[in-house]
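# Structural overview for review
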Amino acid sequence: MKLNYEPQPPKHDPYVALRQRNYLLFICGFFISVIGGQMQVVAARYEIYQKTESSLSLGWVGLALALPMLVLTLPAGHLADLRSRRRLMMSTMLICAVSCVGMAWLSQYRQSWHYSIPAMYILLGLGAVGGTLGRPARAALMPQLVSSEVFPNAVAWNASFYETASVIGPGIGGFVCARSIALAYLLSTVFFVLCSILIWKLPEQHVPPKRSGKSDIAELMAGLKFVWRTKILLGAMTMDLLAVLLGGATYLLPVFAEKILHVGATGFGWLNAAPSIGAISMAMIQAHRRPIQRSGVTLLWCVAGFGVTWIVFGLSRNYWLSFAMLVLSGAFDNISVVVRHSLTQMLTPDSMRGRVSAVNQIFIGSSNELGGLESGLTAYAFGAVPSVVVGGVGTVVIVAFSAVAFPEVKRLGPLNELKAETGKVELVQ
C-alpha cells in the first residue's frame, strides 16, 4: 500500500530574531531608552500637574513634545538616509540625557513653578529634539540587522520590548516620583547613556547612497511622495493619525487619577502602565504565532476596538474597570503597531527607509503628542470625561471612513509576504 505524505510547513521559531547578536544589542538599547523616556515624561506630567492643577498645562506638554516632531522629522529622515544611522542614534540619546539632567536640576533647586514650568517645557522640547532626530535612524537600521523573513518576528519582539519598557517605565516613575521627582529624571539619564553604549557596540551598517541629482528639497520630499503613491501605507497612516488624535487621552490620566478615581501617584503610575500591560501580552502572543494573514481587516477591527475602550474608560468611575479598559486599549493598539511598522519597513527600499520612517513618525508620533494637546484643550473647555468619550466615538467613525476611502487596506493579506516593490503586495481576494 502506497502512503502519501503531505509536506509540512516549516516550524515557526518564535525566538529567531533574538538569536541574532546585533538585533539583541539593538533591542536591549531600545528597551532601556524607552524606560528612560517614559520615566521622564511621567515625572514631568505629574510634577507639572502638581504645581498647576490645570489640565491645560498637560496639553502644553503635548505641544512641547510635538513641535520638534513636526519641524524636524522630515530632515531627520533625510539625515538617516545620508549619514550613519548608528552614530545618529548614539548622539541623540546623549541629547535626551542632557534634557533629563536639566529637569532634575530644575526640580531640585527651582521650586517656584512660575519660573520652572516654562523651563520644563523647553527641556522637554530638547529631549523631543533628540528623540525626533534618532527615531527614523532607529527604524531604518532594524531591517539591516535581520533578514526580510525574520523581520515580522523582529517587529513583534520590538513591540513586546517596547511595551514591557512602557510598563516598567511608568511603574518605576510613579514609585520614584512619590519619593523624589528629581531622582526619576536622573535615573532616566542613566538609561539614555546606557542605550548609547549598547548602540556603539553594533557594527557600522551605513553605505553612502549615490546622489540622484535631485535638489535637497526634492530628496527631502521623496518620502512623502512614496507614501502618497503607496495607498496601503497612506490609508494605514491616515487612519492611525486621526484615531490617535481623537481617541488617545493618556495625557489626561493625571486628572482621572486625582479627581475622578482618587488613586494618587502610585495609582497614576499603574494607569500609565496599563495600556502597555495589554500591549506586551498581545505582543508575546503575536511573537509566538505565525504572521497575521488577514492583516487589513484585523487592523480595522483593532483600531475600532481601541476607540470603544476609551469610550468605556471615560464613562467609568471604577478603578479596576478603568484599568481593564486601558489594558484592552494597549492590546488593540499593539496589533495595529505591528501591522503598520511591517508595512512601512517592508514596502520601502532601503535607500528611502529613513525618509519614509520619518513620514510615518509625523503621522504616528506627532498624533500622540498633538492628541495630548487636543485632549488638554477639550478637557479645559468641556471637562475630562466629555473629551475622552467624544474622542473614542470619533475614532470609531474614522475607522468606518477609512474602510471606505482606502479599500486597499481592507484587502491587505499576509505580513510575511510584503516586498519592497513600489508598494505592490499580495491582497486578499
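Residues numbered from 1 in each chain as written. Predicted model: local features only at pLDDT ≥ 70, side-chain atom pairs only at ≥ 80, totals over all residues. Heavy atoms only, no water.

## Considerations on unusual backbone geometry
The following threshold applies: Helix numbers and strand numbers start at the N terminus; a helix is a DSSP run of H or I with at least 4 residues, a strand a run of E with at least 2. Exposure is judged per residue with a 1.4 Å probe applied to protein chains only, and the accessible area is read against the type maximum: over 50% gives exposed, under 20% gives buried, and values in between give partly exposed.
Within the chain, histidine 262 stands out as a residue other than glycine whose phi angle is a positive 55°. Secondary-structure assignment places histidine 262 in the loop between helix H9 (253-260) and helix H10 (264-287). According to the relative accessible area criterion, histidine 262 is exposed, its value standing at 60%.

## Overview of the side chain of serine 33
Counted only if it meets this: Any N or O atom pair separated by 3.5 Å or less is treated as a polar contact, with the protein-specific requirement of one donor-capable and one acceptor-capable atom, and with residues adjacent in sequence counted only for side-chain atom pairs. It only takes one pair of heavy atoms within 4.5 Å for two residues to be counted as in contact.
As for its position among the elements, serine 33 is in helix H1 (residues 21-52). Given the relative accessible area of 8%, serine 33 is considered buried. A polar atom in the side chain of serine 33 sits 2.8 Å from the backbone oxygen of phenylalanine 30. Apart from residues lying up to four places away in sequence, serine 33 is in contact with Met93, Phe192 and Cys195.

## Some remarks on the packing of aromatic side chains
One pair of aromatic rings is described through two measures. These are the centre distance and the angle between the planes. Here is the rule we go by: Ring pairs are drawn from Phe, Tyr and Trp, using the six-membered ring of Trp, whenever the two centres fall within 6.5 Å, and their geometry is named by plane angle: stacked under 30 degrees, edge-to-face over 60, tilted for the rest. In this scheme, the term charge over a ring applies when either NZ of a lysine or CZ of an arginine sits within 6 Å of the ring centre and within 35 degrees of the ring normal.
One pass over the full model with this rule turns up ten aromatic pairs. Centre to centre, the rings of phenylalanine 31 and phenylalanine 161 are 5.8 Å apart; their planes meet at 90°, and the pair counts as edge-to-face. One end of the pair, phenylalanine 31, is in helix H1; the other, phenylalanine 161, is in helix H5 (residues 151-177), with 130 residues separating them in the sequence. Put simply, the rings of Tyr15, Phe31, Trp157 and Phe161 pair up and form one aromatic cluster. Its guanidinium or amino end placed over the ring of phenylalanine 175, arginine 179 lies 3.8 Å from that ring's centre, counting from NZ or CZ.

## Quick word on the packing of H1 against helix H6 (residues 181-200)
Here is the rule: Working convention: axes come from line fits to C-alpha atoms, limited for helices to the stretch in contact. Angles between N-to-C directions cover 0 to 180 degrees. For classification, angles of less than 35 degrees are called roughly parallel, those exceeding 145 degrees roughly antiparallel, those between 65 and 115 degrees roughly perpendicular, and all remaining angles oblique. The sense of a crossing depends on the near helix, which, turned anticlockwise from the far helix by less than a right angle, makes the crossing left-handed and, turned clockwise, makes it right-handed. Under this grouping Gly is polar, as are all residues other than the nonpolar Ala, Val, Leu, Ile, Met, Phe, Trp, Tyr, Cys and Pro and the charged Asp, Glu, Lys and Arg.
For the pair H1 and H6, interaxial distance at closest approach is 8 Å and the crossing angle is 160°. With respect to H6, the element H1 is oriented roughly antiparallel. Here the hand of the crossing between H1 and H6 comes out left-handed. Tallied by class, residues from the contact of H1 with H6 come to 20 nonpolar, six polar and one charged.

## Digging into empty space enclosed by the protein
Over the atoms, a rolled probe matching the size of one water molecule traces out where space is still vacant. Stated formally: Using a 1 Å grid laid over the protein atoms alone, points where a 1.4 Å probe fits but cannot get out form a cavity; open sets with protein on both sides within 12 Å along at least 5 of 7 lines form a pocket; any residue with an atom within 4 Å of a point counts as lining. Grid points are joined across faces, edges and corners, and a volume is the space filled by probe spheres set on the points.
Going through the model one piece at a time under the given rule, you end up with two cavities of 30 Å³ or more. Approximately 50 Å³ is the volume found for the second largest cavity. Contributing to the lining of the second largest cavity are Asp240, Ala243, Val244, Val303, Phe306, Phe332, Asp333 and Ser336. For the lining of the second largest cavity, the secondary-structure elements that each account for two or more residues are helix H8 (231-247), helix H11 (295-315) and helix H12 (319-346). A class-by-class count of the residues in the lining of the second largest cavity yields five nonpolar, one polar and two charged.

## Remarks on H1
The following threshold applies: Expected span, for any helix, means 1.5 Å times one less than how many residues it has.
Compared with the 46 Å implied by 1.5 Å per residue over 32 residues, the 47 Å span of H1 between its first and last C-alpha is a close match. Within H1, 24 of the 32 residues are buried, which leaves the element mostly enclosed by the surrounding structure. One or two steps after H1, the chain reaches glutamate 53, where phi turns positive at roughly 50°.

## Here's the deal with the environment of glycine 223
In this fold, glycine 223 is placed in helix H7 (residues 216-229). For the pair glycine 223 and asparagine 360, spaced 137 residues apart in sequence, the C-alpha separation works out to 9.3 Å. Beyond its immediate sequence surroundings of up to four residues, glycine 223 is in contact with Met352, Arg355, Val356 and Val359.

## Topic: the state of the cysteines
Here is the rule we go by: Here, two cysteine sulfur atoms that lie within 2.5 Å of each other are counted as a disulfide.
Under the counting rule described, the total for this entry stands at zero disulfides. Just so you know, cysteine 96 is unpaired, no disulfide at all, and the nearest cysteine sulfur is the one on cysteine 100, 7.1 Å from it. With no disulfide of its own, cysteine 195 has cysteine 96 as its nearest cysteine by sulfur position, at a separation of 8.9 Å.

## Focus: the packing of H1 against H9
When two helices pack together, their arrangement is given by the angle between the helix axes and the distance between those axes. Look at H1 against H9: their axes get within 10 Å of each other, and the N-to-C directions meet at 50°. In terms of orientation, H1 lies oblique with respect to H9. At the point where H1 passes H9, the crossing takes the right-handed sense. Between H1, through Arg45, Tyr46, Tyr49 and Gln50, and H9, the contact on the second element is made entirely by Leu253, Pro254, Val255, Glu258 and Lys259. Of the residues contributing to the contact of H1 with H9, the split by class is five nonpolar, one polar and three charged.

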